[in-house]
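Given next are the chains, with one letter for each unit.
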Number of protein chains: 2
Amino acid sequence: MADEKVGFIGIGRMGEAIARNLREAGHELVVYNRTASKADALVREGAARAQRPADACSPGGVVITMLSDDRALEEVVGSDGFLARLAPGGVHVSMSTVSPETTERLAIRHANEGSALVAAPVFGRPAAAAARKLWICVSGAPQARDRAVALLRPVGQGIFEMGDDPSAASVTKLCGNFVIAAAMESMAEAFALGEKNGVAPSALADLFGKTMFSCPAYQSYGATIAERRFTPPGFTLALGLKDLNLAVEAGSHSNVPMPFAQIVRDRLRSGVEKGRGDLDWAALTLGAREDAGL
Amino acid sequence: MADEKVGFIGIGRMGEAIARNLREAGHELVVYNRTASKADALVREGAARAQRPADACSPGGVVITMLSDDRALEEVVGSDGFLARLAPGGVHVSMSTVSPETTERLAIRHANEGSALVAAPVFGRPAAAAARKLWICVSGAPQARDRAVALLRPVGQGIFEMGDDPSAASVTKLCGNFVIAAAMESMAEAFALGEKNGVAPSALADLFGKTMFSCPAYQSYGATIAERRFTPPGFTLALGLKDLNLAVEAGSHSNVPMPFAQIVRDRLRSGVEKGRGDLDWAALTLGAREDAGL
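Treat the numbers as computed from the prediction; the structure is a model and nothing was measured.

**Quick look at unusual backbone geometry**
1) Next: Looking along the chain, the bond that leaves B:Ala87 and enters B:Pro88 is cis, with omega of -5°.
2) Next: Relative to the assigned elements, B:Pro88 resides in the loop between helix H4 (82–86) and strand S5 (91–94).
3) Next: With an omega dihedral of -10°, the bond running from B:Thr231 to B:Pro232 counts as a cis peptide bond.
4) Next: Along the chain, the position of B:Pro232 falls in the loop between helix H10 (216–227) and helix H11 (237–253).
5) Next: Despite not being glycine, A:Arg132 has its phi angle at roughly 60°, a positive value.
6) Next: Along the chain, A:Arg132 turns up in the loop between helix H6 (126–130) and strand S8 (134–138).
7) Next: Phi at A:Arg228 takes a positive value of approximately 50°, unusual for a residue other than glycine.

Below you can see the structure in the form of structure tokens.
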């Protein structure tokens, strides 16, 4: 695997960190980004530059995408020559957070054209990506999945295989982001209740983070929320809204009433409308605080 | 401290375990329980039996209560001779989960009669109490609080001092139980979404418990919820409803809108109405599951 040529499409903050780690793991890289300048650093470091998405694909090879949303992913897959260049036997490792419906539809298109789509969304912020500390959920047809897992192992701290259905990893990722957002809303309500009753949010955050909730989500977001430290963003509120919209829509498509998901989605929606889209998504917790007149 | 005579009122599953550990730490115990037989084991082990709550009190001494609700606590404090026997200088360590209003009101009565109330509610199930693994939140006037902390240190794995206001620890406890219940509801919604999309709840529970949520609340409740293993109860759904009612009421009194708290309160309320009051309170998650037709 170490000398496999890998295409990488989508050089944002996450993509750049992952691509760099793949190169450091010994892979020859061909990178593409719509705004070409974002790939300049990687090209300076030795990656080849593709002029269009299809040029990052090779017959039977692996191409990775890390894009901002369903539409960007659909555009890349639908772009001239992308699917044609990947066949026969190529693997598209789709790391974007997108709807399970999009993943499923695109997986069928790949299969029809002789390649495979493996979904591989990640949990972790750009700093975690740089430090090879991502958690990666992988699902798709077994052989293609094995190639994706072998390729991605060096860039994460753990890989969770979610089965043969590509959309499974996409659903898993939406579930995870929803549960994180719900944890933040619950802390926000608890902190507001504490603050109005003489208990500092930081004291509650400290207690939670050392006891029942001694885990990254509560420890890091607990401090962020207690201190209302929403810049620089690790993950923007606007992107959080995108993901919670996907979770709520997935709930609608599957007929799963999700009252918590709707509340946090509306917190995020309201956050965007209040001009907080570029803050860290933990700023969704300002909603509960403001509702309490704090 | 080790030879202090300590009164202990309320010998339920939690109270019995804590009282036994206090005796093993070297304290002479005087125990009282309304249903006297529940104290038989402790009496056989060497504790003295009080015939009424006041007999568990001594002038300037320490009496601990661990009771089921606000009303039981008010009855004990209001019972003949209780406050009179504790003064001057006695300390009532109130470990029950009760409303901050009740704690505050009773603290004033103690102060007026020459003693002090220290709130010391705990996080942990009976097994944790037996294993001296409780997390204990303590608040109240400094000198009295110091006595409570010294006394309780051997029965817990950690003590969090929440300041001079006795009601602070009561609010903290309500916040903690609410955040646990919210974590369970969020997992339930995520698991239902996963299940309808081909991802097993146990796979999501495993992922969460090993990554962003690698902490006791998600690990133990995640498995419980995924396996729908609600007996024997560690903490009953009926008691959970009591606590979430207190949290929602505290929100009302403090004018803190708490949409998540209302949803989980209603899940618990509905659970009781469906005959699940004696199950573990994680059975509140059946609500989201049933709403999804699962």
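Having seen the structure, we can now continue with the description.
**Focus on the nonpolar core**
1) Next: Counting 114 residues, the largest nonpolar core has A:Phe178, A:Phe213, A:Tyr218, B:Phe178, B:Phe208, B:Phe213 and B:Tyr218 as the members making the most contacts within it.
2) Next: Discounting residues that sit within four places of it in the chain, A:Phe178 has contacts with A:Leu244, A:Ala247, A:Met258, A:Phe260, A:Ala261, A:Val264, B:Ser186, B:Glu189 and B:Ala190.

**What to know about the sheet that holds strand S6 (residues 116–119) of chain A**
All names here are of chain A.
1) Next: Here six strands make up an open sheet; going across it, the order is S3-S2-S1-S4-S5-S6 and the pairing parallel. Whereas interior strands pair on both sides, the edge strands pair on one side only; in this sheet they are strand S3 (48–49) and S6.
2) Next: For strand S1 (residues 5–9) and strand S4 (residues 62–65), the ladder comprises four bridges, and the chain directions are parallel. The residue bridging Phe8 from the neighbouring strand is Ile64, located in S4.
3) Next: Helix H3 (residues 70–78) contacts S1, S4 and strand S5 (91–94) of the sheet and is inclined by roughly 165° relative to S5.

The rules behind these values
Residues numbered from 1 in each chain as written. Chains lettered and ligands numbered in written order. Predicted model: local features only at pLDDT ≥ 70, side-chain atom pairs only at ≥ 80, totals over all residues. Heavy atoms only, no water. Helix = DSSP H or I, 4+ residues; strand = E, 2+ residues; numbered from the N terminus. Core = buried A, V, L, I, M, F, W, Y, C linked by side-chain atoms within 4.5 Å. Buried < 20%, exposed > 50% of the residue type's maximum accessible area, 1.4 Å probe, protein only. Contact = heavy atoms within 4.5 Å. Pairing = 2+ DSSP bridges. Axes fitted to C-alpha atoms, helices over the stretch in contact; angles between N-to-C directions.

Structural measurements only, silent on function.
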